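# Geometric and topological summary
For reference, the chains in residue letters:
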Amino acid sequence: MSKVTVVGAGKYGSTTVQRLAEWDVVDEVVMTDIVEGLPQGLALDMNQSRPVTGHRTLVVGTNDYADSAGSDVVIITAGLPRKPGMSRMDLLEVNAKIVKSVTEDIVRYSPDAVIIVVTNPLDQMTTLAAEVSGFPRNRVFGQAGILDSSRFAHFISEKTGADIQSIEAVTLGSHGETMVPVPSLCRVDDKPLAEVLDPGTIDDLVDRTRKGGAEIVGLLKTGSAYYAPSAAAAYMAKAVVENSAEKLPVCAWMTGEYGIDDVYLGVIAEIGSGGVQRVVELELTDEEATGLAEAAVAVKEKVEDLAQIDL
Ligand code: APR
């Protein structure tokens, strides 16, 4: 019997719930929010789609954390999304308060859960959820790398015309300015990216990937991206529930890998029922390794901002 709870029934949360339900990979998906009626209404709507889509997973919409009790995985999407011109840092204070209270409720009802954080600013919110929960750090991790890698893959596909499924793209580091795309490990139709695109074009795609979220925020005017983000978060929950041992780019706690420790950073990690089973160290070019070390320093500095907030 597997159970996943998604906290926040907004765009990101509800789309994540819908994907998990339609994939039919868990027995029960619980969706909760502070807005009364919202998760219940969305759950009813989703459940009524099952005869058409052919899936069976039931979605429970609720405002009561008691319904989330005993979850194997809890995904935290609760919080405000970025508005145009707003940086992830602007979100820090308001979302920190939300993530703190949500985490306390999760721990009360699902003391053995794996927590996946998606609320921005991602690095700080993942750190905060880990601290507040008191869970071992491997049981709390964040979503960013799958999304950034899949954005990068999309841009490579658009530029080369190659089949999207033939592209392997890798990004590490932090979600945002200090994201570290790793062109040396990207492949198109099994060829190194550098054999397919010239360095200037790769740099342009890297830049667009780094600003991928802001590009969508600018177009939408209200709210931020959620289709690709929800695919990433749902996929991570699936890997935990299925104990798949897949190697995925996630925001994981570092314990000396790449010479970096005591910080949540975007790396490739093996994901299973315990959350992050191990961080996988890749062979990076000197430039990429430097970028990762710089991202770690930047995240550590940002995390210090949390101490300034009166939670
Ligand atoms: N508990 C539960 N739900 C909450 C809480 C709380 N304490 N506070 C806010 N919420 C809910 C809101 O009621 C809303 O339904 O979180 C939901 C957020 O939904 P949206 O505004 O649609 O935002 P969304 O696009 O889903 O983004 C959520 O993900 O990508 C990040 O930056 C984004 O931090 C943002 C988060």
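Residues numbered from 1 in each chain as written. Predicted model: local features only at pLDDT ≥ 70, side-chain atom pairs only at ≥ 80, totals over all residues. Heavy atoms only, no water.

## So, the overall build of the protein
We count it as follows: The numbering of helices and of strands both runs from the N terminus, where a helix is a DSSP run of H or I of at least 4 residues and a strand a run of E of at least 2. Here the globule rule reads 2.2 Å times residues to the power 0.38, and the radius of gyration is calculated from C-alpha atoms. It only takes one pair of heavy atoms within 4.5 Å for two residues to be counted as in contact. Each accessible area is a Shrake-Rupley estimate made with a 1.4 Å probe; only the visible protein chains count as cover when residues are assessed. By the counting rule applied here, Lys and Arg register as positive and Asp and Glu as negative, while His and the ends of each chain are not counted. Charge positions are represented by NZ for Lys, CZ for Arg, CG for Asp and CD for Glu.
From N to C terminus, the protein includes 11 helices and 14 strands. Taking 2.2 N^0.38 as the reference for a compact globule, 311 residues should give roughly 19 Å; the C-alpha atoms of the protein span a radius of gyration of 19 Å, in line with that estimate. Expressed along its principal axes, the backbone C-alpha trace of the protein runs to roughly 55 × 50 × 40 Å. For the protein, restricting intrachain contacts to residue pairs at least 6 apart in sequence, the fraction spanning at least 24 positions comes to 70%. Taken as a whole, the protein presents about 13600 Å² of accessible surface, with 50% of it coming from carbon and sulfur. Across the protein, 26 positive and 46 negative side-chain charges occur, with their mean positions spaced 4 Å apart.

## Brief notes about the site of the ligand
For clarity, the threshold we go by: Throughout this document, a residue counts as near a molecule or strand when at least one of its heavy atoms sits within 4 Å of that molecule or strand. Definition of a polar contact: a pair of N or O atoms within 3.5 Å, with one able to donate and the other able to accept a hydrogen when the atoms are protein atoms, and with sequence-neighbouring residues admitted only if both atoms are side-chain atoms. Of the two site types, the cavity is a set of points on a 1 Å grid over the protein atoms alone where a 1.4 Å probe fits but cannot get out, and the pocket is an open set with protein on both sides within 12 Å along at least five of seven lines, each lined by residues with an atom within 4 Å of a point. What decides whether a molecule sits in a cavity or pocket is whether more than half of its atoms lie within 2 Å of the grid points. In this count, Pro and Cys sit with the nonpolar residues alongside Ala, Val, Leu, Ile, Met, Phe, Trp and Tyr, while Asp, Glu, Lys and Arg are called charged and the others, Gly among them, polar.
In the neighbourhood of the ligand, 20 residues make up the surrounding shell, with Lys11, Tyr12, Asp33, Thr77 and Leu80 lying closest. One of the backbone nitrogen or oxygen atoms of Tyr12 is found 2.8 Å away from an oxygen atom of the ligand. Within the contact set of the ligand, an oxygen atom lies 3.1 Å away from a backbone nitrogen or oxygen of Leu80. Protein chains shield 86% of the accessible area of the ligand, which is 730 Å² for the free molecule. Taken atom by atom, the bulk of the ligand overlaps the largest pocket. With three residues, helix H4 (residues 92-109) is the largest single contributor of residues to the shell around the ligand. Here the shell around the ligand is built from residues that sort into 12 nonpolar, six polar and two charged.

## Let's talk about helix H6 (residues 145-160)
Our working definition: For a helix, the expected span equals 1.5 Å multiplied by the number of residues minus one. Categorising residues by exposure relies on relative accessible area from a 1.4 Å probe, with only protein chains included: less than 20% of the type maximum marks a residue as buried, more than 50% marks it as exposed, and the intermediate range marks it as partly exposed.
Taking 1.5 Å per residue as the helical rise, H6 with its 16 residues ought to reach 22 Å, and the 22 Å between its terminal C-alpha atoms agrees with that figure. Turning to H6, its buried residues are Gly145, Ile146, Leu147, Asp148, Ser149, Arg151, Phe152, Ala153, Phe155, Ile156 and Ser157.

## Observations regarding the layout of surface pockets
Quick note on the threshold: Grid points are joined across faces, edges and corners, and a volume is the space filled by probe spheres set on the points. In this entry, domain limits derive from an automatic or database-based domain assignment.
For the largest pocket, the calculated volume is near 870 Å³. Around the largest pocket, the lining is made up of 43 residues, and of these Thr77, Ala78, Gly79, Leu80 and Pro81 lie nearest the centre. Contributions of two or more residues to the lining of the largest pocket are made by helix H1 (11-23), H4, H6 and helix H9 (212-220). Of all the elements, H4 adds the most residues to the lining of the largest pocket, at five residues. The residue makeup of the lining of the largest pocket, split by class, is 20 nonpolar, 17 polar and six charged. When we break the lining of the largest pocket down by domain, the ones giving at least three residues each are domain 1 (3-142) and domain 2 (145-307).

## A word on the domain arrangement of the protein
What counts here: A 1.4 Å probe defines the accessible area here, and the buried area is the portion of it lost by two parts on being joined, summed over both. Between Lys or Arg on one side and Asp or Glu on the other, a salt bridge is scored when a side-chain nitrogen of the former is within 4 Å of a carboxyl oxygen of the latter.
When cut into domains, the protein gives domain 1 (3-142) and domain 2 (145-307). Inter-centroid distance (C-alpha atoms) of domain 1 to domain 2 is 21 Å. Every contact between the two is made by 38 residues of domain 1 and, on the other side, 37 residues of domain 2. Counting the surface domain 1 buries against domain 2, the share from its top three residues, Arg82, Asp123 and Phe141, is 18%. Linking domain 1 with domain 2 are one salt bridge, by the criterion used here. In this structure, Asp123 engages Lys302 in a salt bridge whose closest nitrogen and oxygen atoms are separated by 3.3 Å.

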